[in-house]
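These are the residues of each chain, in order.
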Amino acid sequence: MKSLLSAKLDEGFNPRNIAVIGASNTEMSSGAMFMDFLINSGTRFQGKIYPVHPKAETVFGWPGYADLLDIPEDIDYVISCVPAPLVLKMLRKCKQKNVKMVHLFTARMSETGEEQGVQMEKEIQAEARRLGIPLIGPNCMGLYNPRVGISFGLNAPREVGNVGLISQSGGAAQAYVQSCALKGIRFTKAISYGNAVDINECDYLEYFANDPETKIINMYIEGVRDGRRFFNLLREVTRVKPVIILKGGKSQAGTRSTASHTGSIAGSTDAWDVLYRQCNAVKAADMDDMVNITVAFNYLPPLANNRVAIYGGSGGKTVLTADECEQSGLNVIPVPEDVRDYVGQKEPFLQKWVGNPIDMSIFMGFNVTAYDVVEAMLRSPSVDLLIYNVNVEYIQNSPEGMERIMEENDIFMKIAAQDCNKPILVNLLNPELPSEEVNKWNHKAIFKLRETYIAAGLPVFSSARGAATATRKLVDYYRRKSR
Amino acid sequence: MTNPVLQMMKSKGQTTLGETEAKEALKAAGIPVNEAVVAATREETVKIADRLGYPVVLKIVSADVLHKTEAKGVELKLNSGEEVAAAYDRIINATRERYPQAVIDGVSVQKMIPKGVEVIVGMSKDAQFGPMVMFGLGGIFVELFKDVSFKIVPLTKADAEDMLDEIKGSALLKGFRGSEPVNREALVDTLVKLSTLIDAHPEIEEMDINPLFASKEGVVAADARMILSW
């Protein structure tokens, strides 16, 4: 899969300096927005910024230039906010400045559906290829590279991670990076690629496949330009690292009228589902699902089996967790003999009673705690993972309740820190709050708790279903990968 | 690997392949087909039966006889040259008696296919991902339940294995209530060979092998059709 293009893209993604063409001080303009991202986002760009502005105004504190060619040095990366008809001329100037990559925020091309826009894209593609300058876009938010400080939003984390995101949509990319950030996920790079007249989804996929820092690939796509190449490439890449795909838009492009038997059945079949399965790509049902699956791949080992133990306080919630696990195809095993024997030695009365899910209430007044059982389950060769339901209700009820949960939390953190080689998944409800409650101590405590788990390297999910389906998809991926 | 039959169709500009031509193309691609050879005389019929191997089936070939079975124009399970010769006479006589005006071309000779599971194998083109192979159980399973699996071409051996396991009725292939399991190897081999044929011939637009009989011994395509575009 090693390709010259991947090396070229890597050079483009890591510039020493940036020119923003069409930079502006006017609020709400795109020229101001990208200057703002470079300067004021968490990942502040470390190199020189050259605003190109018709009157050479100083923009966001950086001296402006009336023309790209006026800049006294070569330029590595260009963000284009100019109108579409000016792009061709701009590209030729970029060549003179030895530009390594151009991001075309510039839009109103093929997406308008007008023949003129389609034609313009063709000319831009031909010119970019003739000049040998890779293009991101047009009609996109471009690059987020926390290592060098390029961002497509203000809230993207500054830390570098191990997930590579390829997104057709800029809005989806921004929202996704933020949702992931709350679960402790960080990115190597994210690209919003828009109309992809030059570099397309396959090129980016190949790039992330070749990038040693990227361990997990995420894609949001609505369609592919070259389905054959995508199929062949995807099949290769998933042998090396997981690719999680969220497909937007139920395209009818695949259906057409046919005379044969097979053809008529094929029309009602989703070719994307065929693709996911055949290529061992992980299908995400929606954005939440993609976050959860990515959390699973980020924090969990390559599980070959899915025998699950569940811990939780109140009966109903743990029962529902068990149901969700079963429905997702995880195996909620009966308490293994070795754990039963261990409990029986300490409290014969509990030997038969102890169950999975582990209900903390049955241990009151006995010489063995629910946590002892949790540890015994994690030690047992019959268990692959444990789901820990955090009893958020206790925190909501009273400061005393919160104390109790914090104590429990400390115990779980100790258990997790021991080298048991079994993952503990945290199920922590994300409360939806009325606005006046957002700042209350008890809710803050829950958010704090989430951060504590993440800092300790535990995967956090907001629902049992989220945890269970993501784990199932992870197990399926590794099983098929090892075939 | 160019398929000689498809090559010939191209030179003729023919786009629709009926049973005979489609089966010839499949045979050239290494997929077992149930050849049907038409014989005009008793002696020729026996000779063809000897070549195909026993048991064989004889069927009357006449454009004037639509319902062959009712016309006593079909003879099954013929195990020797003597049986074939006698059956030939019975078919011709019965037809002459019942349809005195009929123009008789002769009889078709086919090797009798071992009883097994009736499956369907097909192919269609997806606008984004190109040709896909379909596999499913034949008869009412495909009509009513659409119990099929698709894979994008080219298929690996593992893809073909998956197709057999993915359909809801996969238990039928493994032997169900005393029936014998079908030859998985032969089915997998057929699916992979079909994928190779399709990959080499983008002009194949649609194809059905329906039915393909799968048994303990192997697989045989009993009927097929193809649509090409040049």
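The present account deals with the structure reproduced in this document. Given the structure is predicted, the values throughout are model-derived calculations rather than measurements. Every chain's residues receive numbers from 1 upward, in the order its sequence appears when written. Just so you know, chain letters begin at A and ligand numbers begin at 1, following the order they were written in. Two thresholds apply to this predicted model, a pLDDT of at least 70 for residue-level local features and 80 or more for giving and counting side-chain atom pairs, whereas whole-chain, interface and lining totals are computed over all residues. Excluding hydrogens and water, the side-chain figures rest on all heavy atoms present in the structure.

Turning our eyes to something else, we now look at the overall build of chain B. Within chain B one finds 8 helices and 11 strands. Computation of the radius of gyration draws on C-alpha atoms, with the globule rule given as 2.2 Å multiplied by the number of residues to the power 0.38. For chain B, whose C-alpha radius of gyration is 19 Å, the value lies close to the compact-globule estimate of 17 Å for 230 residues. Based on the C-alpha atoms only, the size of chain B along its principal axes is roughly 55 × 50 × 30 Å. With 230 residues in all, chain B has 49% of them scored as buried. When contacts within chain B are restricted to residue pairs at least 6 apart in sequence, long-range pairs at least 24 apart make up 60% of them. Helix and strand definitions here come from DSSP, where helices need a minimum of 4 consecutive H or I residues and strands a minimum of 2 consecutive E residues; each element is numbered from the N-terminal end. Burial classes: relative accessible area under 20% of the type maximum marks a residue as buried, over 50% as exposed, and values in between as partly exposed (1.4 Å probe, protein chains only). Residue contacts are counted whenever heavy atoms from the two residues lie within 4.5 Å of one another.

Another point: the pairing of strand S15 (residues 385-389) of chain A. All names here are of chain A. The element S15 is largely enclosed, with a buried count of 5 among its 5 residues. Burial along S15 is two-sided: Leu-385, Ile-387 and Asn-389 and Leu-386 and Tyr-388, pointing in opposite directions, are all buried. Paired strands, as defined in this entry, are two strands with at least two bridges between them according to DSSP. Taken together, the 4 bridges between S15 and strand S16 (residues 424-427) define a ladder with parallel strand orientation. Across the sheet, residue Leu-386 finds its bridge partner in S16, namely Ile-424.

In this section: the sheet that holds strand S10 (residues 243-247) of chain A. Residue and element names in this part refer to chain A. With mixed pairing, 6 strands are arranged side by side in an open sheet as S6-S8-S7-S9-S10-S11. The sheet terminates laterally at strand S6 (142-144) and strand S11 (282-284), the two strands that pair on one side only. Within this sheet the neighbouring strands show an average axis-to-axis angle of 20 degrees, counted without direction. Here 5 bridges tie strand S7 (residues 160-167) to strand S9 (residues 216-221), and the two strands are oriented parallel to one another. Residue pairing for S9: Val-163 is matched across the bridge by Ile-216. Where helix H7 (residues 227-237) meets the sheet, it contacts S9 and S10, and its direction lies at approximately 140 degrees from that of S10. To get an axis, fit a line to the C-alpha atoms, keeping to the stretch in contact for a helix; angles then go from 0 to 180 degrees between the N-to-C directions.

Residue and element names in this part refer to chain A. Using a 1 Å grid laid over the protein atoms alone, points where a 1.4 Å probe fits but cannot get out form a cavity; open sets with protein on both sides within 12 Å along at least 5 of 7 lines form a pocket; any residue with an atom within 4 Å of a point counts as lining. Grid points are joined across faces, edges and corners, and a volume is the space filled by probe spheres set on the points. Evaluation of the coordinates by the stated rule reveals 1 cavity of 30 Å³ or more. Quantified by volume, the largest cavity comes out at close to 40 Å³. Along the walls of the largest cavity sit Phe-152, Gly-153, Leu-154, Asn-155, Ala-156, Gln-174, Val-177 and Gln-178, which together make up its complete lining. Charged means Asp, Glu, Lys or Arg here, nonpolar means Ala, Val, Leu, Ile, Met, Phe, Trp, Tyr, Cys or Pro, and polar covers whatever is left, Gly included. Its residues assigned to classes, the lining of the largest cavity shows 4 nonpolar, 4 polar and no charged.

In these notes, a set of buried Ala, Val, Leu, Ile, Met, Phe, Trp, Tyr and Cys residues joined through side-chain atoms within 4.5 Å is what counts as a nonpolar core. Grouped together as the largest cluster of nonpolar side chains are 147 residues, with contacts concentrated most on A:Ile136, A:Leu205, A:Phe230 and A:Tyr311. What A:Phe230 contacts, discounting residues up to four positions off in sequence, is A:Cys202, A:Leu205, A:Met219, A:Ile221, A:Val224, A:Ile245, A:Trp272, A:Leu275 and B:Phe129. Counting 41 residues, the second-largest nonpolar core is a separate cluster that includes B:Val5, B:Ile31, B:Met163 and B:Ala186.

Residues and elements named next belong to chain B. At a closest axis distance of 9 Å, the pairing of helix H3 (residues 42-52) and helix H4 (residues 81-98) adopts a crossing angle of 140 degrees. Between H3 and H4, the angle falls in the class oblique. Both H3 and H4 take part in a crossing whose hand is right-handed. Contacts between H3 and H4 involve Arg-42, Thr-45, Val-46 and Ala-49 from the first element and Gly-81, Val-84, Ala-85, Tyr-88 and Asp-89 from the second. Taken together, the residues of the contact of H3 with H4 break down into 5 nonpolar, 2 polar and 2 charged. To sort the angles, those under 35 degrees are grouped as roughly parallel, those over 145 as roughly antiparallel, those from 65 to 115 as roughly perpendicular, and the leftovers as oblique. In a left-handed crossing the near helix is turned counterclockwise from the far helix by less than a right angle, and in a right-handed crossing that turn is clockwise.

Side-chain direction in a regular strand flips from residue to residue, so the side chains alternate between the two faces of the sheet. All names here are of chain B. Where burial is concerned, most of strand S8 (residues 148-152) is hidden: 5 out of the 5 residues are buried. Every second residue of S8 is oriented toward a common face, with Val-148, Phe-150 and Ile-152 on one face and Ser-149 and Lys-151 on the other, all of them buried. Strand direction decides the pairing type here: strand S7 (residues 130-137) and S8, joined by 5 bridges, are antiparallel. For Phe-135, the partnering residue across the bridge sits in S8 and is Ser-149.

Cis geometry is found at the peptide bond from B:Val153 to B:Pro154, where omega equals 5 degrees. Checked against the element boundaries, B:Pro154 lands in the loop between S8 and helix H6 (157-166). Residue B:Asn210 is joined to B:Pro211 through a cis peptide bond whose omega torsion reads 5 degrees. Here B:Pro211 lies in strand S9 (residues 204-214). Its identity is not glycine, yet A:Arg108 carries a phi of approximately 60 degrees, on the positive side.

What follows concerns the packing of helix H5 (residues 170-182) of chain A against helix H10 (residues 287-299) of chain A. Residue and element names in this part refer to chain A. One way to put it is that H5 packs onto H10 with a least axis distance of 10 Å and a crossing angle of 45 degrees. Considered as vectors, H5 and H10 are oriented oblique to each other. By crossing handedness, the relation of H5 to H10 is classed as right-handed. The segment H5 lies against H10, with Ala-172, Ala-175, Tyr-176, Ser-179 and Cys-180 engaging Met-287, Met-290, Val-291 and Thr-294. Along the lines of polarity and charge, the residues of the contact of H5 with H10 split into 7 nonpolar, 2 polar and no charged.

Now for the interface of chain B and chain A. With 35 residues of chain B in contact, the opposing surface of chain A contributes 28 residues. Three residues stand out in chain B for area buried against chain A, namely B:Gln128, B:Phe129 and B:Glu206, and they jointly supply 26% of the buried area on that side. Among the salt bridges present, the one from B:Asp159 reaches A:Arg235, with a minimum N-O distance of 2.6 Å. The definition of a polar contact used here is a pair of N or O atoms within 3.5 Å, where within protein one atom must be able to donate a hydrogen and the other to accept one, and adjacent residues in sequence count solely through side-chain atom pairs. If you look at where chain B meets chain A, you find 10 residue pairs in polar contact (both at pLDDT 80 or more). Residue assignment for the side of chain B that touches chain A shows that the elements contributing at least two residues are strand S6 (117-126), S7, helix H5 (140-145), S8, H6, S9 and strand S11 (224-228) of chain B. Of all the elements, S6(B) adds the most residues to the side of chain B that touches chain A, at 6 residues. Considering only residue class, the side of chain B that touches chain A consists of 16 nonpolar, 6 polar and 13 charged. The term buried area means the drop in 1.4 Å probe accessible area that two parts suffer when joined, counted for both and summed. Here, a salt bridge means any Lys or Arg side-chain nitrogen found within 4 Å of an Asp or Glu carboxyl oxygen.

Bringing helix H13 (residues 370-379) of chain A into the picture now. All names here are of chain A. Taken across its 10 residues, H13 has 8 buried, putting it largely inside the fold. Turning to H13, its buried residues number three or more, namely Ala-370, Tyr-371, Asp-372, Val-373, Val-374, Ala-376, Met-377 and Leu-378. Turning to H13, the residues buried within the fold contact strand S12 (307-312), helix H12 (337-346), strand S14 (358-359), S15, helix H15 (399-417) and S16.

On to the side chain of A:Glu201. Residues and elements named next belong to chain A. Mapping Glu-201 onto the fold places it in helix H6 (residues 201-210). Judged by its relative accessible area of 0%, Glu-201 is buried. The contacts of Glu-201, once residues within four sequence positions are left out, are Ile-166, Tyr-193, Met-219, Ile-221, Gly-223, Val-224, Arg-225 and Asp-226.

All names here are of chain A. Each Phe, Tyr or Trp ring, with Trp reduced to its six-membered ring, pairs with another whose centre is within 6.5 Å; inter-plane angles below 30 degrees give stacked pairs, above 60 give edge-to-face pairs, and intermediate values give tilted ones. All told, the structure shown has 23 aromatic pairs over all chains when counted by the stated rule. Where Tyr-144 meets Phe-152, the ring centres are 5.6 Å apart and the plane angle is 45 degrees; that geometry is what we call tilted. Exposure class is identical for Tyr-144 and Phe-152. Each is buried. Ring geometry for Phe-230 against Trp-272: centres 6.1 Å apart, planes inclined by 55 degrees, an arrangement best described as tilted. Of this pair, Phe-230 sits in helix H7 while Trp-272 sits in helix H9 (residues 271-279), and the two are 42 residues apart along the sequence. Using a relative accessible area of 0% as the deciding quantity, one classes Phe-230 as buried.

By themselves, these figures tell us nothing about what the structure is for.
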